[in-house]
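This is what each chain is made of:
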Amino acid sequence: MAGSRPTSNRRAKKSERQKQSDENRADAAAKTAQRKEKTTAAAAKRAQREANDAQAAALRDTTNTTPAERERIAALENQVEALNRKNKRLSKALRRSKLPTDTDPEDIIAIRKPSGKFNIKSAMGLDDNHNLFVELQASIRAIAIEVKIDFNLPWKEQDPGDLAKVLRIAAGRNSYLSAKRFPRHWATQAILHRYINSVRGYTAGKANPRSGVNRRRERNTTVGRLEVMRRRGVEAVRETPPPRRTNGMS
């Protein structure tokens with residue numbers, strides 16, 4: 001019986017790793033399908049524009065048209081051109097948008113929180129989308145300030161109500177931070193936890209004259225640089241000018 005317990009633990013861990021691997025593959029396949037769908041839609045739009053251009057060219061080449069028909073054709077061409085410009089602007093805005101669109105909540109695949117220490121961006125599946133990760137960080141920080149999180153308190157002493165409010169608002173403003181994708185909002189908690197620790201560390205560093213924060217600030221000023229040189233025993237040496245040449249005349 002004693003020897004069967006380690007075996008069962010190994011089997012459970014192996015099963016969990018296999019399940020996580022299957023979820024990652026499914027997520028990658030879903031992203032690939034989404035990219036293919038966008039590419040197909042763009043190709044269809046290009047084909048439609050080309051067909052419209054060909055039709056307009058054919059109408060322009062028609063000789064048996066009255067002035068009223070030609071005016072109508074010109075008006076339609078202007079409308080088509082305006083729609084093409086609008087479509088181009090919308091396509092550019094869509095490409096610039098970094099937030100993914102979850103058309104169907106059922107398609108969201110849950111990402112489990114890794115055990116032990118982990119890289120937040122990698123754990124969130126954003127290695128290839130640094131801009132989105134930065135935007136999410138900025139949003140969570142702004143919400144923490146908005147909720148008036150007490151940065152003087154460590155994470156374990158924070159008000160649970162304030163933390164829950166930050167998690168709820170963050171999920172409402174950013175669809176990527178939904179509880180279905182990150183169970184129990186573990187990603188938002190990790191970013192918020194790191195932000196609180198960062199603010200507390202910076203504040204404590206400013207209060208300590210010998211901290212790295214104050215040393216860097218000191219080095220960035222002229223007086224500070226001279227003070228650092230004095231502490232290191234480096235004296236400023238003023239160069240003496242070379243002797244004046246008199247061309248042999250005394």
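This section reports on the structure supplied with the text. Just so we're clear, the structure is a prediction, and the values are computed from it rather than from any experiment.

Reading the values: the criteria
- Residues numbered from 1 in each chain as written.
- Predicted model: local features only at pLDDT ≥ 70, side-chain atom pairs only at ≥ 80, totals over all residues.
- Heavy atoms only, no water.
- Helix = DSSP H or I, 4+ residues; strand = E, 2+ residues; numbered from the N terminus.
- Buried < 20%, exposed > 50% of the residue type's maximum accessible area, 1.4 Å probe, protein only.
- Contact = heavy atoms within 4.5 Å.
- Areas by Shrake-Rupley, 256 points an atom, 1.4 Å probe, with all protein chains shown as cover.
- Salt bridge = Lys/Arg side-chain N within 4 Å of Asp/Glu carboxyl O.
- 1 Å grid on protein atoms, 1.4 Å probe; cavity = no way out; pocket = protein on both sides within 12 Å on 5 of 7 lines; lining within 4 Å.
- Points joined across faces, edges and corners; volume = space filled by probe spheres on them.
- Nonpolar A, V, L, I, M, F, W, Y, C, P; charged D, E, K, R; others polar.

This part is about the overall build of the chain. Along the backbone of the chain there are 8 helices and 0 strands. Along the chain, helices and strands appear, N-terminal first, in the series α-α-α-α-α-α-α-α. Looking at the chain as a whole, 20% of its 250 residues are labelled buried. When contacts within the chain are restricted to residue pairs at least 6 apart in sequence, those whose partners lie at least 24 apart make up 61%. A total of about 19500 Å² of accessible surface is found on the chain, and carbon and sulfur atoms cover 52% of it.

One pass over the full model with this rule turns up 2 salt bridges. A salt bridge links R85 to E81, with the shortest nitrogen-to-oxygen separation between them at 3.3 Å. Placement of the pair is R85 and E81 together in helix 2 (residues 67-96), with a separation of 4 residues, close to one helical turn. Among the ionic pairs, E146 bridges to R173, the shortest N-O distance being 2.9 Å. Of this pair, E146 sits in helix 4 (residues 130-147) while R173 sits in helix 5 (residues 160-173), and the two are 27 residues apart along the sequence. Of the residues examined, E146 reaches a relative accessible area of 45% and is grouped as partly exposed. When its relative accessible area of 46% is taken as the criterion, R173 is described as partly exposed.

The next subject is the layout of surface pockets. Taken as a whole, the second largest pocket encloses approximately 260 Å³ of empty space. Lining the second largest pocket are K113, G116, K117, F118, I120, W155, W186, Q189, A190, H193 and R194. The element best represented in the lining of the second largest pocket is helix 6 (residues 186-207), accounting for 5 residues. Class assignment of the residues belonging to the lining of the second largest pocket gives a composition of 5 nonpolar, 3 polar and 3 charged.

If you check the backbone angles, K148 has positive phi at about 65° while not being a glycine. Within the element layout of this structure, K148 appears in the loop between helix 4 and helix 5. Residue K148 is classed as exposed on the basis of its relative accessible area of 68%. With a phi close to 60°, R184 is a non-glycine residue in the positive phi region. Positionally, R184 belongs in the loop between helix 5 and helix 6.

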